[in-house]
Amino acid sequence: DAKTTQPPSMDCAEGRAANLPCNHSTISGNEYVYWYRQIHSQGPQYIIHGLKNNETNEMASLIITEDRKSSTLILPHATLRDTAVYYCIVRVGHGGATNKLIFGTGTLLAVQP
Amino acid sequence: EADIYQTPRYLVIGTGKKITLECSQTMGHDKMYWYQQDPGMELHLIHYSYGVNSTEKGDLSSESTVSRIRTEHFPLTLESARPSHTSQYLCASRITGEGEKLFFGSGTQLSVL
């Protein structure tokens, strides 16, 4: 699976958009980008995923660059409850042979009041 | 909300005791996973199952064992707990055909004295 690189931490003011970057320069054509978050002492929570088109759901938007070497997760109006570690993960296809997600160290997003 | 449950939420136990961490899901998911996470560290996959009577070891070596006798149930057992087993254990599940959209339980925080 392609390796991802994320900043270790970021701050965001409450009510503002939080833009979390992720580099995945070795991504292959059939690899999807997944985002999860983990609030302190809880299990990770799925946020969104995409292949090459931008995606939006009720939680966030995912912007993938045209060359697919990087992506940005956007939380449009961050709240204090969005403070969490955000993981960017690249995984092959859907239900691939190994069927495993490898979580890195992620980005700790701290939303400030 | 995800219908995946882990019990107990917290467990403090003495060295040498046998313990079983419970994980159940009511979503009919075929694939289930156990991750181990130390405070502030990455999640490491220790066991997974593709379905009933199917279990595999994950990327991180673990002295624990698992079983999958029923679709909804994926317990993890430590025959003789040691202080080095102190960690958070997270159970997750997903269904084939929906990519890597994992649903996680709230975790079991295990402390071995």
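The model shown is predicted, which means the values in this text are computed figures rather than measured ones.

A few points about the overall build of chain A
Next up, step 1: Looking only at helices and strands, one finds 0 helices and 9 strands in chain A.
Next up, step 2: Tracing chain A from N to C terminus, the helices and strands come up as β-β-β-β-β-β-β-β-β.
Next up, step 3: Its C-alpha atoms give chain A a radius of gyration of 13 Å, near enough to 13 Å, the size a compact globule of 113 residues would have.
Next up, step 4: Within chain A, the proportion of its 113 residues that are buried is 45%.
Next up, step 5: Roughly 5,600 Å² of accessible area belongs to chain A as shown, and the carbon and sulfur atoms make up 51% of that amount.

Overview of the sheet that holds strand 7 (residues 65–66) of chain B
Residues and elements named next belong to chain B.
Next up, step 1: Strand order in the open sheet formed by 4 strands is 1-3-8-7, and the pairing between neighbours is antiparallel. The open sheet has two free edges, formed respectively by strand 1 (4–7) and strand 7, since each of these has just one partner strand.
Next up, step 2: Sheet topology note: the strand 1/strand 3 (residues 19–25) ladder contains 4 bridges and is antiparallel. When the sheet's bridge partners are listed, Ile 4 is paired in strand 3 with Gln 25.

A look at the environment of A:Val90
Next up, step 1: Tracing the backbone shows A:Val90 in strand 8 (residues 84–92).
Next up, step 2: Along the sequence, A:Val90 and A:Leu51 sit 39 residues apart, while their C-alpha atoms lie 9.7 Å from each other.

Examining the interface of chain A and chain B
Next up, step 1: Each partner contributes residues to the interface: chain A has 21 residues there, and chain B has 22 residues.
Next up, step 2: Linking chain A to chain B there are 5 residue pairs in polar contact (both at pLDDT 80 or more).
Next up, step 3: If you list the elements that add at least two residues to the side of chain A that touches chain B, you get strand 3 (31–38) and strand 8 of chain A.
Next up, step 4: The leading source of residues in the side of chain A that touches chain B is strand 3 of chain A, at 3 residues.
Next up, step 5: Among the residues forming the side of chain A that touches chain B, the class breakdown is 9 nonpolar, 10 polar and 2 charged.

Description of unusual backbone geometry
Next up, step 1: Cis geometry marks the peptide bond from B:Thr7 to B:Pro8; its omega dihedral reads -10°.
Next up, step 2: Tracing the backbone through its elements, the reader meets B:Pro8 in the loop between strand 1 and strand 2 (10–13).
Next up, step 3: Backbone geometry places A:Ser41, a non-glycine residue, at a positive phi of 70°.
Next up, step 4: Within the secondary structure, A:Ser41 sits in the loop between strand 3 and strand 4 (45–50).
Next up, step 5: With a phi close to 65°, A:Arg68 is a non-glycine residue in the positive phi region.
Next up, step 6: As for its placement among the helices and strands, A:Arg68 is situated in the loop between strand 6 (61–64) and strand 7 (70–75).

Looking at the state of the cysteines
Next up, step 1: All chains considered together, the criterion is met by 2 disulfides over all chains.
Next up, step 2: A disulfide bridge connects A:Cys22 with A:Cys88, and the sulfur atoms are separated by 2.1 Å. Between A:Cys22 and A:Cys88, the S-S dihedral sits near -80°, and the bridge is therefore left-handed. Taken together, the residues span a long stretch of sequence, with A:Cys22 in strand 2 (residues 18–23) and A:Cys88 in strand 8 at a distance of 66 residues.
Next up, step 3: On the basis of relative accessibility, which here comes to 2%, the residue A:Cys22 falls in the buried class.
Next up, step 4: Classification of A:Cys88 by relative accessible area gives buried; the value is 2%.
Next up, step 5: The residue that forms a disulfide with B:Cys23 is B:Cys91, at a sulfur-sulfur distance of 1.9 Å. Between B:Cys23 and B:Cys91 the disulfide shows an S-S torsion of about -75°. By sign, it is left-handed.

Thresholds applied
- Residues numbered from 1 in each chain as written.
- Chains lettered and ligands numbered in written order.
- Predicted model: local features only at pLDDT ≥ 70, side-chain atom pairs only at ≥ 80, totals over all residues.
- Heavy atoms only, no water.
- Helix = DSSP H or I, 4+ residues; strand = E, 2+ residues; numbered from the N terminus.
- Rg over C-alpha atoms; globule rule 2.2 N^0.38 Å.
- Buried < 20%, exposed > 50% of the residue type's maximum accessible area, 1.4 Å probe, protein only.
- Areas by Shrake-Rupley, 256 points an atom, 1.4 Å probe, with all protein chains shown as cover.
- Pairing = 2+ DSSP bridges.
- Contact = heavy atoms within 4.5 Å.
- Polar contact = N/O pair within 3.5 Å; in protein donor to acceptor, adjacent residues only side chain to side chain.
- Nonpolar A, V, L, I, M, F, W, Y, C, P; charged D, E, K, R; others polar.
- Disulfide = S-S within 2.5 Å.

These results come straight from atomic positions and should not be treated as a statement about function.
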